[in-house]
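Structural description and commentary
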Amino acid sequence: MTDPVLETKGLTIRFGGHVAVDHVSCAFGAGELTAIVGPNGAGKTTYFNLISGQLPATEGQVLLEGRDVTRASASTRTHLGLGRAFQLTNLFPSLTVRENVRLVAQSKARKGFDMFSMASRHPELIEAADHALERVRLTRLADQTVSALSHGDQRKLEVALLIALQPRVYMFDEPTAGMSMDEAPVVLDLIAELKAEGGHAILLVEHKMDVIRTLADRIIVLHNGALAADGEPAEVMASAVVQEAYLGKEIADV
Amino acid sequence: MLTRILSGDMPRSRALSLVLLVIFLCLAFAPFLFPGTRSLETAARISVFIALAASYDLMLGYAGIVSFAHTMFFGMGAYGVALACENMERGFLPVVVGTLAGALLAAAVALVIGLFSLRVRAIFFAMITLAVASAVAVLVSQLSAITGGEDGLSFSIPRELTPAFRFAEGKLLGASLNGKLLNYYLVFGGSLVIFLGLLRVVNSPFGRVLQAIRENDFRAEAIGYRVVAFRTLATCLSAACAALAGSLFAIWLRYVGPGTAMGFEIMIDVLLMVVIGGMGTLYGAAIGATLLVLAQTYLQEVMAGAAETTAGLPLLPDLLNPDRWLLWLGLLFIASIYFFPSGVVGRLRQARRPAGRT
Ligand SMILES: Nc1ncnc2c1ncn2[C@@H]1O[C@H](COP(=O)(O)OP(=O)(O)O)[C@@H](O)[C@H]1O
Ligand SMILES: [Mg+2]
């Protein structure tokens, strides 16, 4: 593997006595899609929070393109190329769908501190937003208020925000959770497209094994916050750890 | 053209456009439409409070920051002008110096308060502003050698802005062509510039970020906006605009005192203006300020008239006694907040499509 885009070294967080992420060391390369699996409460979301800066690490390091960002704020990491979609939908509810995405494009273009021009006079940002909406098939809802959207459409918008950011690292936290059978493919196809584009590292927390089988180049297993397995999908799925800790009892429990 | 001046923030409702147009025209031609000292006082006061309430709405309605120090910033502008005029040679220089000094001081104090407390929880910021504002108010009344204490300061402004200065003979539509007229247009024009400037800011990329932060600060940070920096900057800007409004008010009154520029009642008034008009829209601040100033100025008279016409009836004349005006003002507020939870502007726009901009 060439130099990793993202790397965690001994990454750890303790909540009181509870170790939610326990010395996880892992590197993620460009063009690689890594599925992160583990039972509920294993620490997957918390691991993401440590990487993208929503939580401060108790120990260990996060390296982004070789640069130590362990102490950097979430906004700094975003500008350095970390893109994070959230497990629980986390949008700007009373703004329109288009404005949600436009805000991301505006952040990407670093125009946030411009207070003298009219926001509506930046057509390139609106175009970027519309382009991202097109990719998740939300164009027809662009002028709706987010709070009026169905759960599935909100999940798609969550993905659109990430697309507009064009990050180096895409982090999807159960992107299709709660989506209907006909909605999920829109998001999964998109993730496949991103993978085919190459150049980014993609981290995907996902429960559905068939999805993982078709998309993932690699699987890592978290169990009680620790890295329990790491390798090729076939190999990891066959291993005893996964059979026992994950596939055996948790798969139905999402 | 109009779109540009209003920064693309159109009223989006015919009724609202009409109300705003009426307010604008009445203020723009007040000296000719309503001759008389009292009505001109009222018009000037409305102009200043529109600017003040708009600057408060930038914080409260757009950035979602609750502050109780807004009158303190207003006072800094007012006292800045007063002290400069008091201590420098008469002319326009002290007015400019005092105005700039007041605005800079307000921005600097806002910066310090913001950096100290905006990182932590929003409620902490509200409490700090309350503490600082109370301390400054006490300080102003104690330092009577400098600030005039409770009595305040009367000071002289450039002659060109006083009634003694006549720039043309006779009258135009009932208005004397004197310095007072120029002073009024200084206040009106200044307030208008502040208001339109703020309108630009809230519709700029920066203003959109503030709205995003108000909606969901956690996500705003996650998509790359440094929330603390944005909140702090909004606070500084809002404080500076409040100070500018304060300077205009001092120039108009030729006087500052705790009651006109520092009192906590003003803080309550401004809060009510923003809430009644509708938070998160500067037009709401304009309407709220107009309604409140008018009510405060004329409610007593309206009531006196009403008491007279109902003189024969039981109980009513008593209730309508002008001495009860505060009670009625209070009831009006409660009613308006109850019936227009999203403010007058929200109500006027309600028939239209839901909130949320593109
Ligand atoms: N902010 C927090 N404070 C205390 N405990 C937390 C916090 N965040 C997560 N945890 C705990 O860390 C563990 C891992 O949670 P999470 O990362 O959400 O699991 P997963 O995403 O794998 O389902 C859980 O036991 C959870 O209760
Ligand atoms: Mg999770």
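A quick note: this is a predicted structure, and the numbers were derived from the prediction, not measured. (Residues numbered from 1 in each chain as written. Chains lettered and ligands numbered in written order. Predicted model: local features only at pLDDT ≥ 70, side-chain atom pairs only at ≥ 80, totals over all residues. Heavy atoms only, no water.)

What follows is about the overall build of chain B. Helix and strand content of chain B: 18 helices and four strands. What you see for chain B is a C-alpha radius of gyration of 21 Å, in line with the 21 Å of a compact globule of 358 residues. Oriented by its inertia axes, the alpha-carbon framework of chain B measures out at about 65 × 55 × 45 Å. Within chain B, buried positions represent 53% of all 358 residues. Contacts spanning at least 24 positions in sequence make up 74% of the contacts within chain B whose residues lie at least 6 apart. Charge centroids of chain B, computed over 25 positive and 18 negative side chains, lie 14 Å from each other. (Helix = DSSP H or I, 4+ residues; strand = E, 2+ residues; numbered from the N terminus. Rg over C-alpha atoms; globule rule 2.2 N^0.38 Å. Buried < 20%, exposed > 50% of the residue type's maximum accessible area, 1.4 Å probe, protein only. Contact = heavy atoms within 4.5 Å. Lys, Arg positive; Asp, Glu negative; His and termini not counted. Charge placed at Lys NZ, Arg CZ, Asp CG, Glu CD.)

This part takes up the coordination of the magnesium ion (ligand 2). Residue and element names in this part refer to chain A. Note on the magnesium ion (ligand 2): its protein donors are Thr-45 (OG1) and Gln-87 (OE1). The metal-donor distances range over 2.0 to 2.2 Å. One end of the pair, Thr-45, is in helix α1 (residues 44-52); the other, Gln-87, is in the loop between β6 (82-84) and α3 (97-108), with 42 residues separating them in the sequence. A relative accessible area of 25% means that Thr-45 is categorised as partly exposed. Assessed through its relative accessible area of 26%, Gln-87 is described here as partly exposed. (Donors = N, O, S within 2.8 Å, 3.2 Å for Na, K, Ca; no water.)

Here we come to the sheet that holds strand β9 (residues 218-223) of chain A. Residue and element names in this part refer to chain A. Taken together, six strands build an open sheet; the order of strands is β6-β7-β8-β3-β9-β10 and the sheet is mixed. Where the open sheet ends on each side, the last strands, each with one partner, are β6 and β10 (226-231). On average, each strand axis in the sheet is tilted by 20° relative to the strand beside it, whichever way the strands run. In this sheet, β9 lies alongside strand β3 (residues 33-37) in parallel orientation, the contact comprising four bridges. Across the sheet, the residue bridging to Val-37 is Val-221, located in β9. Helix-sheet contacts for helix α5 (residues 151-165) involve β6 and β7 (169-173), and the interaxial angle to β7 is about 170°. (Pairing = 2+ DSSP bridges. Axes fitted to C-alpha atoms, helices over the stretch in contact; angles between N-to-C directions.)

Contacts between the two partners involve 39 residues from chain A, matched on the other side by 34 residues from chain B. A combined buried area of about 3100 Å² lies between chain A and chain B, and 59% of that area is made up of carbon and sulfur atoms. Summed over the shared surface of chain A and chain B, the result is two salt bridges. The salt bridge involving A:Glu99 is made with B:Arg208; its shortest N-O contact spans 2.7 Å. Taken together, chain A and chain B are joined by 19 residue pairs in polar contact (both at pLDDT 80 or more). (Buried area = accessible area lost by both parts, 1.4 Å probe. Salt bridge = Lys/Arg side-chain N within 4 Å of Asp/Glu carboxyl O. Polar contact = N/O pair within 3.5 Å; in protein donor to acceptor, adjacent residues only side chain to side chain.)

Turning next to the UniProt feature "transmembrane region" (unreviewed entry) in chain B. In the numbering adopted here, UniProt assigns the feature "transmembrane region" (unreviewed entry) to residues 63-85, 92-116, 122-140, 181-203, 223-256, 268-295 and 325-348 of chain B. The span residues 63-85 of chain B carries 74% helix and 0% strand; its end-to-end C-alpha distance comes to 35 Å. (UniProt positions renumbered as here; feature names shortened; annotations may be inferred.)

Turning to the domain arrangement of chain A, a few remarks are in order. Residues and elements named next belong to chain A. One can read the domain layout of chain A as domain 1 (1-81 + 169-254) and domain 2 (90-166). Taking only C-alpha atoms into account, the centre of domain 1 sits 25 Å from that of domain 2. Domain 1 puts 18 residues into the contact, and the matching count from domain 2 is 16 residues. Across the pair Glu-197 and Arg-135 runs a salt bridge, and its minimum N-O distance is 3.3 Å. Linking domain 1 with domain 2 are six residue pairs in polar contact (both at pLDDT 80 or more). Considering every element that reaches the side of domain 1 that touches domain 2, the biggest residue donor is helix α6 (residues 184-197), with six residues. Residues belonging to the side of domain 1 that touches domain 2 are distributed by class as follows: ten nonpolar, three polar and five charged. (Domains from an automatic or database assignment. Nonpolar A, V, L, I, M, F, W, Y, C, P; charged D, E, K, R; others polar.)

Residue and element names in this part refer to chain B. Where helix α5 (residues 70-87) contacts helix α6 (residues 92-117), the axes come no closer than 7 Å and their chain directions differ by 150°. Pair α5 / α6 crosses with right-handed handedness. Along its contact with α5, which presents Met-72, Phe-73, Met-76, Gly-77, Gly-80, Val-81, Ala-84 and Cys-85, the element α6 presents Pro-94, Val-95, Gly-98, Thr-99, Gly-102, Leu-105, Ala-106, Val-109, Ala-110 and Ile-113. Split into classes, the residues belonging to the contact of α5 with α6 amount to 13 nonpolar, five polar and no charged. (Left-handed = near helix turned anticlockwise from the far one by under 90°.)

The next thing to look at is the side chain of A:Thr8. Of note, A:Thr8 is situated in strand β1 (residues 6-15). Among the polar contacts made by the side chain of A:Thr8, one reaches the main-chain carbonyl oxygen of A:Val24 at a distance of 3.0 Å.

What follows is about the pairing of strand β2 (residues 166-172) of chain B. Residue and element names in this part refer to chain B. By the bridge criterion, three bridges tie β2 to strand β3 (residues 175-178) in an arrangement that is antiparallel. Bridging across to β3, Lys-171 finds its partner in Ser-176. Between the end of β2 and the start of β3, which pair antiparallel, lie two residues, with Leu-173 showing a positive phi angle near 50°.

A word on α6(A). All names here are of chain A. In a regular helix each residue adds 1.5 Å, so 14 residues correspond to 20 Å; α6 covers 20 Å between its end C-alpha atoms and thus fits that length. When we look at burial in α6, the residues that qualify are Ala-184, Val-187, Leu-188, Leu-190, Ile-191 and Leu-194. Summarising the axial view, the buried residues of α6 lie within an arc of 155°, below the 170-degree limit, and thus occupy one face. Looking at the buried side of α6, the elements it contacts are β3, α4 (123-135), α5, β7, β8 (201-205) and α7 (209-215). Note on α6: the residue one or two positions beyond its end, Gly-198, has a positive phi of about 75°. (Expected span 1.5 Å × (residues − 1). Arc of directions from axis to C-beta.)

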